[in-house]
Amino acid sequence: MKKFPTPTLGAPNLPYVDPGDVLFDRLHPTEIDLTVDAAGLAALALDPREYVAGTFSVTTADGITSEPLAIGIALKGSVGGSFVDLSGKAAFKLKLDFVVDDTYWLGLRGLKLNNMLEDPSQLREAVAYAALGELGVPAPRSGHAEVRLNGESYGLHAVVERVDDVWLSRFFPVTQHLYEGTSGLDVTPGREAEFSVDEGDPLDVSDLTALMAVTTLPDDQLVAGLDARLHLDAEIG
């Protein structure tokens, strides 16, 4: 039986709505169509990480196509890694409530379409997230889709569930914060400002500061200190 970590303290999360396997059936890729007008394309060329208005629709493996939904579209990926502009196999972020507040699609508020340029197998995300999920570790779901922008194919992408308050509600009834760090960033004292606060109060990061303080404890106090701040069984198991 899966055993999820004890919830952290904080405001209640949104009620969880299961989107089913439409997007995350790893054996049956979908087709995702995005559209962006000329002004939006020009804006993405200037600032690819800023969302622009566009539309999104999905065609399932059974050939059923959803109605176009007005959303926000931006590019993603690290410079020197997976980032590519629209002239190549770009990766995308989809913000489903960008145009109209509180917009959901199958219970989701966002998706990531990863170009998998750093994964020759194009299987790592789907396999790793599935394995972690079976082990009871909170992990986003992932599937595959052919992505088209304005009718032009951008190839096979990994469709990954966005880690946000909707995702948190799958595992935790309440959550204080959701932090995001860049590659190489660790919980070292004094580095709070380098973390993005994806969910929770950005002006009160005392929980992060308290975790960072644990790393300075003597060796004989470290495990006890970590146990007070982390779900050690989940981390180790």
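Scoring rules and cut-offs
- For every chain, the first residue of the written sequence is number 1, and numbering continues from 1 along that sequence.
- Totals for whole chains, interfaces and linings use all residues, but because this is a predicted model, local features are given only for residues with pLDDT of at least 70 and pairs of side-chain atoms are given and counted only at 80 or more.
- Excluded from the side-chain calculations are hydrogens and water; all other atoms, namely the structure's heavy atoms, are used.
- Only the six-membered ring of Trp is used, alongside the rings of Phe and Tyr, when aromatic pairs are assigned; centres must lie within 6.5 Å, and planes under 30 degrees apart are stacked while those over 60 apart are edge-to-face, with the rest tilted.
- The way it works is that DSSP assigns letters per residue, a run of H or I at least four long becomes a helix, a run of E at least two long becomes a strand, and they are numbered from the N terminus.
- Exposed residues in this analysis have more than 50% of their type's maximum accessible area, buried residues have under 20%, and partly exposed residues fall in between, with area computed by a 1.4 Å probe over protein chains only.
- Criterion used throughout: strands pair if DSSP finds at least two bridges between them.
- All axes here are fitted lines through C-alpha atoms, helices being fitted over the stretch that makes contact, and every angle between N-to-C directions spans 0 to 180 degrees.
- Throughout, a contact is declared for two residues whenever any of their heavy atoms are within 4.5 Å.
- Within 3.5 Å is the distance limit for a polar contact, defined as a pair of N or O atoms, with the added protein rule that one can donate a hydrogen and the other accept it, and that residues adjacent in sequence qualify only through two side-chain atoms.
- Any Lys or Arg side-chain nitrogen located within 4 Å of an Asp or Glu carboxyl oxygen qualifies as a salt bridge.

Let's talk about the packing of aromatic side chains
Taken as a whole, this structure holds six aromatic pairs when the rule is applied. Between Tyr-51 and Phe-98, the aromatic rings sit 5.9 Å apart at their centres with planes inclined by 35 degrees, giving tilted as the arrangement. One end of the pair, Tyr-51, is in the loop between helix H1 (38-46) and strand E3 (52-59); the other, Phe-98, is in the loop between strand E5 (91-95) and strand E6 (110-114), and 47 residues separate them in sequence. Seen in terms of ring centroids, Phe-56 and Trp-105 are 5.3 Å apart; in terms of plane orientation they differ by 90 degrees. Their pairing is edge-to-face. One end of the pair, Phe-56, is in strand E3; the other, Trp-105, is in the loop between E5 and E6, with 49 residues separating them in the sequence. For the pair Phe-56 and Trp-105, a shared accessibility class is recorded, and that class is buried.

Considerations on the sheet that holds strand E8 (residues 152-161)
In a beta sheet, neighbouring strands are held together by backbone hydrogen bonds and run either parallel or antiparallel to one another. Ordered by their spatial adjacency, seven strands build a closed barrel running E2-E3-E4-E5-E6-E8-E7, and the pairing between neighbours is mixed. Between one strand and the next, the sheet's axes are offset by a mean angle of 40 degrees, whatever the strand orientation. Sheet topology note: the E5/E6 ladder contains four bridges and is antiparallel. Within the sheet, the bridge partner assigned to Phe-92 lies in E6 and is Leu-113. On top of the sheet, helix H2 (residues 124-134) reaches E6, strand E7 (142-149) and E8; it is set at about 145 degrees to E7, its chief contact.

Points about the side chain of Asp-119
As for its placement among the helices and strands, Asp-119 is situated in the loop between E6 and H2. At a separation of 2.6 Å, a polar atom in the side chain of Asp-119 contacts the side chain of Ser-121. One polar contact links the side chain of Asp-119 to the main-chain amide nitrogen of Arg-124, over a distance of 3.0 Å. Each residue touching Asp-119, except ones within four places of it in the same chain, is listed here: Arg-124 and Glu-125.

Comments concerning the pairing of E8
Pairing of E6 with E8 involves four bridges; the strand directions are antiparallel. Across the sheet, the residue bridging to Leu-113 is Val-159, located in E8. As judged from the seven bridges shared by E7 and E8, these two strands associate in the antiparallel manner. Paired with Glu-146 across the strands is Leu-156, a residue of E8.

Remarks on the pattern of salt bridges
As enumerated under the stated definition, the model contains eleven salt bridges in all. The partner of Arg-124 in a salt bridge is Asp-119, with the nearest N and O atoms 3.1 Å apart. Note on Arg-124: relative accessible area 52%, which makes it exposed. For Asp-119, a relative accessible area of 7% corresponds to the buried category. Between Asp-164 and Arg-162 there is a salt bridge; the shortest N-O distance is 2.9 Å.

Here's the deal with unusual backbone geometry
Backbone geometry at Asp-102 places phi at a positive 60 degrees, although glycine is not the residue there. Mapped onto the secondary structure, Asp-102 falls in the loop between E5 and E6. Note on Asp-102: relative accessible area 63%, which makes it exposed. The backbone phi angle of Gln-122 is positive, close to 55 degrees, even though this residue is not glycine. Owing to a relative accessible area of 27%, Gln-122 belongs among the partly exposed residues under this scheme.

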